[in-house]
Amino acid sequence: MRPIDYTAAQDVRGALQKLAARPLESAPIGGGTNLVDLMKIHVQNPALLVDINGLPLAEIQEVEGGLRIGALVRNSDLANHPLVRERYPVLSEALLSGASPQLRNMATVGGNILQRTRCAYFRDISQPCNKREPGSGCGALEGFNRMHAVLGTSDKCIAANPSDMSVALAALDATVHVSGPKGERTVAFGDFHLLPGSTPERETVLKPGELITHVSLPASRFAARSRYLKVRDRASYAFALASAAVAIELEGKTIKDARVALGGVGTKPWRSAEAEKALMGQPADEVHFKAAAAAALKSAKPRTHNAFKVELARRTLVRVLALAAGLA
Amino acid sequence: MSDPKQPPHGTGAEGDAPSVLDDGKTTRREFVGTAVVGGTLLAAGFLSLSATAQGGAKASSLEGPSVAPVPIKLQVNGQEHALEVEPRVTLLDALRENLGLTGSKKGCDLGQCGACTVLVEGRRVNSCLTLAVMQQGKRITTIEGLSQGETLHPMQQSFLAHDGFQCGYCTPGQIMSAVGFSREPWGQTDADIREGMCGNICRCGAYPHIVAAVRDGRGKQA
């Protein structure tokens, strides 16, 4: 790890000021599970860390039937919160499927949203990576790309977004609240992460010097009927090969409304409007679950080693839809 | 605390089981001594592997020029320690290298193996992924602080009773993780234990015994 300066902030305003004092070389630190890791392998090299753990952003509050979740709420606290378990089970399941209990005790909601890819070429500074070093090329395109994305890729980057929590937030119509030098703003979760396109180094709409302060979840008629399913190389403590977060509203046996998002296969948390459209107004049965899965993966662009993910993601989605509908 | 330079049993046979008293309990000194010998052997192996892989890179995790150390205070095992560390020093390195508390082990140093697990405010965390400077004012518990004097914590006792280790290198992290696990809202099945302990890797593969140790030790108060 390279030398760093350190300062702790006690409120949002103080943190923004400290970040702005050295805008190009400062980084906020919350749980540190991702940032300290990346600093050790020289992928991220901030010269100044601004410790934001003293900020009053660790509360979960009920607001207008929904939830307001502070950016510093730890993953384990969010997963085990009674209102999350009751009203947004998909979020609890997604969180509990991610990382290890130790890491979940440390990792924050804000940091999880900003979690960097686990692409091996991104994490190895001896390899080319357009995300880490724009213009240097992509080692994964023709390299070992078994873990990589099949949706939202470009000819510059096929790195998968690794977050489980974000897949649930995408399905739940979350809103990200941001504070910066120019004041506060909100971003719909689906707009927060960017596709790699020709600028894979730009991963979110968060600007330098801005902080995520909290995330809000709207009240939902049917999020209580939501599930997360994650498929990975081993039973625990591994990143997703494919995962799916779904919430469905049933009227009798007909699907009145649905939310579908995929993980492990997208360059960002992958909300699928195509799958939702294919489900809406249809009977909740395997035929229509399969049609939705086919629609979700229609634009998939597999590479040499990850073609299996297309079928795996389809089956994952069919399975979790059956679970959410109470048919499995 | 036993001296790691001295064989704990005087026989030089590291493979000997720790001696157990008539009442089935082992003293903390014997337990720690055994764990330290196993740990030292593996640690030496780790270091030479690491040096080979990185072309003789220095073992320290600090690279490049230093910045000025900052004075910090850490509350570890009920004692306040004043120390001076660079801001980039992890809690794990501060515990081991500044405070001499080498019970917490450095395995992967990337949050993947769990050997460095300690409790912060009673919750288990990976001490390799947080900076010492960030943990001021927090109640930190390491494996050295688990026992009450010479009486082992029930989870330590349970790991002994169920032989929940082989080489012992992951054991302090396993035990600290198991203590943290016992305070978290998990179910009662072995599947819950396996999932709840997934952040601790045992390269010897002593998992069946570890699961048995956690099952038996989780309900018992210190």
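Everything discussed here concerns the structure shown above.
Residues numbered from 1 in each chain as written. Chains lettered and ligands numbered in written order. Predicted model: local features only at pLDDT ≥ 70, side-chain atom pairs only at ≥ 80, totals over all residues. Heavy atoms only, no water.

Draft legend 1. Fine view of the overall build of chain B. The helix and strand tally for chain B stands at six helices and five strands. Secondary structure elements in chain B, listed N-terminal to C-terminal, are α-β-β-α-β-β-β-α-α-α-α. The buried share among the 222 residues of chain B stands at 48%. Restricting the contact set of chain B to residue pairs at least 6 apart, pairs at least 24 apart contribute 60%. Total accessible area computed for chain B in this model is approximately 10,400 Å², and 53% of it derives from carbon and sulfur atoms. (Helix = DSSP H or I, 4+ residues; strand = E, 2+ residues; numbered from the N terminus. Buried < 20%, exposed > 50% of the residue type's maximum accessible area, 1.4 Å probe, protein only. Contact = heavy atoms within 4.5 Å. Areas by Shrake-Rupley, 256 points an atom, 1.4 Å probe, with all protein chains shown as cover.)

Draft legend 2. Summary view of the packing of helix α12 (residues 286–296) of chain A against helix α13 (residues 308–324) of chain A. Residues and elements named next belong to chain A. Between α12 and α13, the least distance of the axes is 9 Å, while the angle of their chain directions is 140 degrees. If you check the angle between α12 and α13, you find them oblique. Note that α12 runs across α13; the crossing there is right-handed. Together, Glu 286, Phe 289, Lys 290, Ala 292, Ala 293, Ala 294 and Ala 296 of α12 and Arg 314, Leu 317, Val 318, Leu 321 and Ala 322 of α13 make up the contact between the two elements. Taken together, the residues of the contact of α12 with α13 sort by class into nine nonpolar, no polar and three charged. (Axes fitted to C-alpha atoms, helices over the stretch in contact; angles between N-to-C directions. Parallel < 35°, antiparallel > 145°, perpendicular 65-115°, else oblique. Left-handed = near helix turned anticlockwise from the far one by under 90°. Nonpolar A, V, L, I, M, F, W, Y, C, P; charged D, E, K, R; others polar.)

Draft legend 3. Fine view of the sheet that holds strand β8 (residues 211–217) of chain A. Residue and element names in this part refer to chain A. A sheet is described by the order of its strands in space; here five strands give the open sequence β4-β5-β8-β6-β7, paired in antiparallel fashion. What marks the edges here is a single partner per strand, and that holds for β4 (60–63) and β7 (183–188). This sheet shows a mean twist of 25 degrees between the axes of neighbouring strands, independent of strand direction. Relative to β7, strand β6 (residues 175–180) runs antiparallel, the two sharing six bridges. Among the inter-strand pairings, Val 178 is bridged to a residue of β7, identified as Arg 185. Of the strands in this sheet, β6 and β8 touch helix α1 (residues 12–21), which is tilted by about 135 degrees from β8. (Pairing = 2+ DSSP bridges.)

Draft legend 4. The arrangement of empty space enclosed by the protein in detail. Residue and element names in this part refer to chain A. In this structure the tally under the stated criterion is four cavities of 30 Å³ or more. Considered as a void within the structure, the second largest cavity measures approximately 60 Å³ in volume. Around the second largest cavity sit 13 residues that line it, and Cys 119, Cys 129, Cys 138, Lys 156 and Cys 157 are the ones nearest its centre. When grouped by side-chain class, the residues that make up the lining of the second largest cavity number nine nonpolar, two polar and two charged. (1 Å grid on protein atoms, 1.4 Å probe; cavity = no way out; pocket = protein on both sides within 12 Å on 5 of 7 lines; lining within 4 Å. Points joined across faces, edges and corners; volume = space filled by probe spheres on them.)

Draft legend 5. Structural view of the interface of chain B and chain A. Facing the 33 residues of chain B at the interface are 36 residues of chain A. Of the roughly 2,700 Å² buried between chain B and chain A on both sides combined, carbon and sulfur atoms contribute 57%. Summed over the three residues of chain B that lose the most area to chain A, namely Arg 123, Leu 129 and Met 134 of chain B, the buried surface amounts to 24% of that side. On inspection of chain B and its partner chain A, the count reaches two salt bridges. Between Asp 77 of chain A and Arg 123 of chain B there is a salt bridge, with the nearest N and O atoms lying 2.9 Å from each other. Where chain B packs against chain A, one counts 13 residue pairs in polar contact (both at pLDDT 80 or more). When residues of the side of chain B that touches chain A are assigned to their parent elements, the largest contribution, four residues, is made by strand β4 (residues 123–126) of chain B. (Buried area = accessible area lost by both parts, 1.4 Å probe. Salt bridge = Lys/Arg side-chain N within 4 Å of Asp/Glu carboxyl O. Polar contact = N/O pair within 3.5 Å; in protein donor to acceptor, adjacent residues only side chain to side chain.)

Draft legend 6. Structural detail: the sheet that holds strand β2 (residues 26–29) of chain A. Residue and element names in this part refer to chain A. Read across the sheet, three strands follow the order β1-β3-β2 without closing on themselves; strand pairing throughout is parallel. Either end of the sheet is taken by a strand with one partner, and the two such strands are β1 (5–8) and β2. The sheet shows a mean angle of 25 degrees between the axes of neighbouring strands, taken without regard to direction. Taken together, the four bridges between β1 and strand β3 (residues 48–51) define a ladder with parallel strand orientation. From the neighbouring strand, Ala 8 faces β3, where its bridge partner is Asp 51. Strands β1, β2 and β3 of the sheet are contacted by α1, whose axis makes an angle of about 175 degrees with β3.

Keep in mind these values describe shape, not function.
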